[in-house]
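A closer look at the structure
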Amino acid sequence: MQADELRSDNRAAKADADVDPTDGRDESLNERMDRNWNEILQELRVTQTGTQIFTGFLLTIAFQTRFSQLTTFQTRTYLVLVIAAVLTTALGLAPVSLHRGLFRKGAKMIIVQTAHIILRIVLVGVAVMLIGTVLLIFDLVVGRTAALVMAGVTLLVVIIIAALPLILRGRRQADSRAD
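On a predicted model such as this, the values are computed, not experimentally measured, just so you know. (Residues numbered from 1 in each chain as written. Predicted model: local features only at pLDDT ≥ 70, side-chain atom pairs only at ≥ 80, totals over all residues. Heavy atoms only, no water.)

In the structure shown here, the tally under the stated rule is one aromatic pair. Between the aromatic rings of Phe 67 and Tyr 78, the centroid separation amounts to 5.1 Å while the plane-to-plane angle is 70°, which identifies the pairing as edge-to-face. Residue Phe 67 is found in the loop between helix 2 (29-61) and helix 3 (72-102), and its partner Tyr 78 is found in helix 3; the two are separated by 11 residues along the sequence. One residue, Arg 144, lies across the ring of Phe 73, its end atom 3.8 Å from the ring centre. (Phe/Tyr/Trp six-rings, centres within 6.5 Å; stacked < 30°, edge-to-face > 60°. Helix = DSSP H or I, 4+ residues; strand = E, 2+ residues; numbered from the N terminus. Lys NZ or Arg CZ within 6 Å of the ring centre and 35° of its normal.)

As a further point, take helix 2. Across its 33 residues, helix 2 extends 47 Å between first and last C-alpha, which sits within 8% of the 48 Å expected from 1.5 Å per residue. Taken as a whole, helix 2 has its buried residues at Arg 32, Met 33, Trp 37, Ile 40, Leu 44, Thr 47, Gln 48, Thr 51, Phe 54, Thr 55 and Leu 58. (Expected span 1.5 Å × (residues − 1). Buried < 20%, exposed > 50% of the residue type's maximum accessible area, 1.4 Å probe, protein only.)

Right, let's get into helix 4 (residues 108-141). Each full turn of the α-helix corresponds to 3.6 residues, which orients residues three or four apart in the same direction. Along its 34 residues, helix 4 runs 48 Å from first to last C-alpha, staying within 8% of the 50 Å computed at 1.5 Å per residue. Looking one or two places after helix 4, you find Gly 143, whose phi comes out positive at around 140°.

So, about the pattern of salt bridges. Under the definition given, this model contains four salt bridges. Glu 27 is the salt-bridge partner of Arg 35, the closest N and O atoms lying 2.6 Å from each other. The exposure class of Glu 27 is partly exposed, given its relative accessible area of 24%. Among the ionic pairs, Arg 144 bridges to Asp 139, the shortest N-O distance being 2.7 Å. Using a relative accessible area of 36% as the deciding quantity, one classes Arg 144 as partly exposed. With relative accessibility at 8%, the residue Asp 139 sits in the buried group. A cluster of three or more residues bridged by salt bridges with shared partners is formed by Glu 27, Arg 35 and Glu 39. (Salt bridge = Lys/Arg side-chain N within 4 Å of Asp/Glu carboxyl O.)

When you line up the elements, Glu 39 lands in helix 2. Remark: the alpha-carbon pair of Glu 39 and Val 112, spanning 73 residues in sequence, is separated by 9.9 Å.

The structure is reproduced here in structure tokens:
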């Protein structure tokens, strides 16, 4: 029993390390986990809808008459996109399954932490889908060189978006030290 209490204390201490005492919130660990779970759910709703629609769209392309005219590169790009879309959609559903499986088992912190990691992976999957789609469409419409350039530009934008929280966090910490 003491080992369980020690693990619980360690988890609570780890979660408390993320607490910002200046944010104006006076909430317990459970309240914070509930709030974090609700925020994750909102983010999942956005990504799930987008990936599900995108996956459905991709699956219909193979049945279009022009599909047989794709080059080997385009066909392979399409298949990579289908796999990325299906896996991203499945991963987007994983936190819901996790929550259902662990509901009322006293595992809210584990659910939130795991869902956070899964959501980050889903965002990588969405990035792959976006970049691959630009690559495929530009290759079909304009040509390979333009496709590679625009996929590279899209990759750069995705990297900037991914780095933005780190940049802003560093800036916030620098500003707080200056005060």
